[in-house]
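# Chain and residue survey
What follows is the residue order along each chain.
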Amino acid sequence: MTHYLDFEKPLAEIEGKAEELRAMARSNEEMDIEAEARALDQKATNLLKDLYSKLTPWRKCQIARHPERPHCRDYIEALFTEYTPLAGDRAFGDDHAVLGGLARFNDRPVVVIGHEKGHDTSSRLTHNFGMARPEGYRKAIRLMDIAHRFGLPVITLVDTPGAYPGKGAEERGQSEAIARSTEKCLQIGVPLVSVIIGEGGSGGAVAFATANRIAMLEYSVYSVISPEGCASILWKNAEKMREAAEALRLTAQDLKKLGVCDRIIPEPLGGAHRDKAATIEAVGEAISAMLGEFDGSAPDALVEARRKKFLNLGSKGLAA
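This report concerns the structure included in the present document. What you are looking at is a predicted structure, and each value in this text was computed from that prediction instead of being measured.

Another aspect to go through is the side chain of aspartate 95. Its place among the elements puts aspartate 95 in the loop between strand E1 (80–85) and strand E2 (98–105). Of the side chains with opposite charge, arginine 133 lies nearest to the buried aspartate 95, which makes no salt bridge, at 4.5 Å. Within polar-contact distance, the side chain of aspartate 95 engages the backbone nitrogen of arginine 133 at 2.6 Å. Engagement of the side chain of aspartate 95 in a polar contact is seen with the backbone nitrogen of glycine 136, the distance being 3.4 Å. When near neighbours in sequence (up to four residues on either side) are disregarded, aspartate 95 contacts Ala132, Arg133, Glu135, Gly136 and Lys139.

Structure representation (structure tokens):
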């Protein structure tokens, strides 16, 4: 059953009527309703185009959080071969919110790391809704160390509301783990490319996305805080999230102008969840292109270019 966002309610009615007609036809072969159903399909397509031609930042946040978007595991299964997951941080335990391991991308050995949110209630609880604990970031550090040692490119897939804010996570050094992971991103002498596939929330995202190249899906978001959190702090009212989303400049289009994002990956009409295969293919092409930019680059040059990239952030100013 398709999950519709609140601004897609009119679309839900039209597509629901078309499906009702087809269900009636399946139960009664004498009924000929295909022409009416096709007319409703065209009406739904036109409405979808209209809705997605004028998306606000808040609506893009809603799309980025859509539960049916392809998640990290979907990309790994479709784009990588010989994936061998590695678990644990060699200190405390394993964090299921972070997936990572050795794999081949276009037959090239790589290390892939990403946040996994899960696709149903059970898996979302298992993966803690993509909110990593300290052991998740320390697992990522361990994987990046392996990549550096064996000269393997690192690919990160970012999709998290932010690092887990629980008491246990704080007791085990959440902020230190995030800082160490960000530091490790800046130190490894191999190509590091990152794709924001949904939400890029706060330090939990930066810890994986301090990369040579950052790509964002068209309707993904990347920000220092969620719109609801920002609204709660600035206006003492989480209902002001629409205004906060505007002010945060968190969309792929804004971040491309500001120099935070290097490329935008187009999504199918209606968002990634409406055509997962096409979205995953587009992400694969973007990763391939970004990795290709660093073929033959020396380790020292990769580290220096990455450091300069982040030292130069903000040089365009907010008027960009």
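What follows covers the packing of aromatic side chains. Counted according to the given criterion, the structure contains four aromatic pairs. An angle of 55 degrees between the planes, with centres 6.0 Å apart, marks the rings of phenylalanine 7 and tyrosine 52 as tilted. Of this pair, phenylalanine 7 sits in the segment before helix H1 (9–27) while tyrosine 52 sits in helix H2 (residues 34–52); the two residues are 45 residues apart in sequence, bridging distant segments of the chain. As far as the burial class goes, phenylalanine 7 and tyrosine 52 line up, both buried. When the centroid spacing of 5.7 Å and the interplanar angle of 65 degrees are considered together, the rings of tyrosine 137 and phenylalanine 208 count as edge-to-face. Of this pair, tyrosine 137 sits in helix H6 (residues 134–150) while phenylalanine 208 sits in helix H9 (residues 202–209), placing them 71 residues apart in sequence.

This part covers unusual backbone geometry. Backbone phi values are negative for most residues with the exception of glycine, while trans is the configuration of most peptide bonds. Positive phi outside glycine occurs at serine 202, with the angle close to 55 degrees. Position of serine 202 relative to the elements: it lies in helix H9. A relative accessible area of 29% places serine 202 in the partly exposed class. Positioned with a positive phi, arginine 249 is a non-glycine residue whose angle comes to about 55 degrees.

With that settled, the discussion passes to the layout of surface pockets. Taken as a whole, the largest pocket encloses approximately 300 Å³ of empty space. Along its surface, the largest pocket is lined by 14 residues, and Tyr222, Ser223, Val224, Leu255 and Val260 are the ones closest to its centre. Looking at the lining of the largest pocket, the elements with two or more residues in it are strand E7 (221–223), helix H11 (241–248) and helix H12 (252–258). Residue composition of the lining of the largest pocket, by class: 12 nonpolar, one polar and one charged.

Quick notes on the rules
- Residues numbered from 1 in each chain as written.
- Predicted model: local features only at pLDDT ≥ 70, side-chain atom pairs only at ≥ 80, totals over all residues.
- Heavy atoms only, no water.
- Helix = DSSP H or I, 4+ residues; strand = E, 2+ residues; numbered from the N terminus.
- Buried < 20%, exposed > 50% of the residue type's maximum accessible area, 1.4 Å probe, protein only.
- Lys, Arg positive; Asp, Glu negative; His and termini not counted.
- Salt bridge = Lys/Arg side-chain N within 4 Å of Asp/Glu carboxyl O.
- Polar contact = N/O pair within 3.5 Å; in protein donor to acceptor, adjacent residues only side chain to side chain.
- Contact = heavy atoms within 4.5 Å.
- Phe/Tyr/Trp six-rings, centres within 6.5 Å; stacked < 30°, edge-to-face > 60°.
- 1 Å grid on protein atoms, 1.4 Å probe; cavity = no way out; pocket = protein on both sides within 12 Å on 5 of 7 lines; lining within 4 Å.
- Points joined across faces, edges and corners; volume = space filled by probe spheres on them.
- Nonpolar A, V, L, I, M, F, W, Y, C, P; charged D, E, K, R; others polar.

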